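# Residue-level structural notes
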Amino acid sequence: MKVVVNDTAHEVSAKTLAALIDELGYSGARIATALNGRFVPKATREETQLQEGAQIEIVAPMQGG
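The text that follows walks through the structure, step by step, so that each part is easy to find. (Residues numbered from 1 in each chain as written. Predicted model: local features only at pLDDT ≥ 70, side-chain atom pairs only at ≥ 80, totals over all residues. Heavy atoms only, no water.)

## As for the overall build of the protein chain
- Scanning the protein chain from N- to C-terminus turns up one helix and five strands.
- Listing each helix as α and each strand as β along the protein chain from the N terminus yields β-β-α-β-β-β.
- Here the C-alpha radius of gyration of the protein chain, 11 Å, is about what a compact globule of 65 residues would show, namely 11 Å.
- Principal-axis analysis of the C-alpha atoms gives the protein chain an extent of 40 × 25 × 20 Å.
- Residue burial in the protein chain is summarised as follows: out of 65 residues, 32% are buried.
- The long-range share in the protein chain, meaning contacts at least 24 apart out of those at least 6 apart in sequence, stands at 52%.
- Working note: accessible area of the protein chain is about 4,500 Å², and carbon and sulfur atoms make up 51% of it.
- Across the protein chain, the mean location of the 6 positive side-chain charges is 5 Å away from that of the 8 negative side-chain charges. (Helix = DSSP H or I, 4+ residues; strand = E, 2+ residues; numbered from the N terminus. Rg over C-alpha atoms; globule rule 2.2 N^0.38 Å. Buried < 20%, exposed > 50% of the residue type's maximum accessible area, 1.4 Å probe, protein only. Contact = heavy atoms within 4.5 Å. Areas by Shrake-Rupley, 256 points an atom, 1.4 Å probe, with all protein chains shown as cover. Lys, Arg positive; Asp, Glu negative; His and termini not counted. Charge placed at Lys NZ, Arg CZ, Asp CG, Glu CD.)

Okay, structure coming up:
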């Protein structure tokens, strides 16, 4: 299925947001996620289904000043 992650198109096999995170190599990273403009808590990523054309944002916290 085709989805857009951080403004880049991807062809993925993942059906859930958690599976997508694993597929893209983010597993284990401290990240925040949004699906179609709505924040998705870590606790609900396993049950959050993806649809064709979904817009996903994956953001990692940064430190520094």
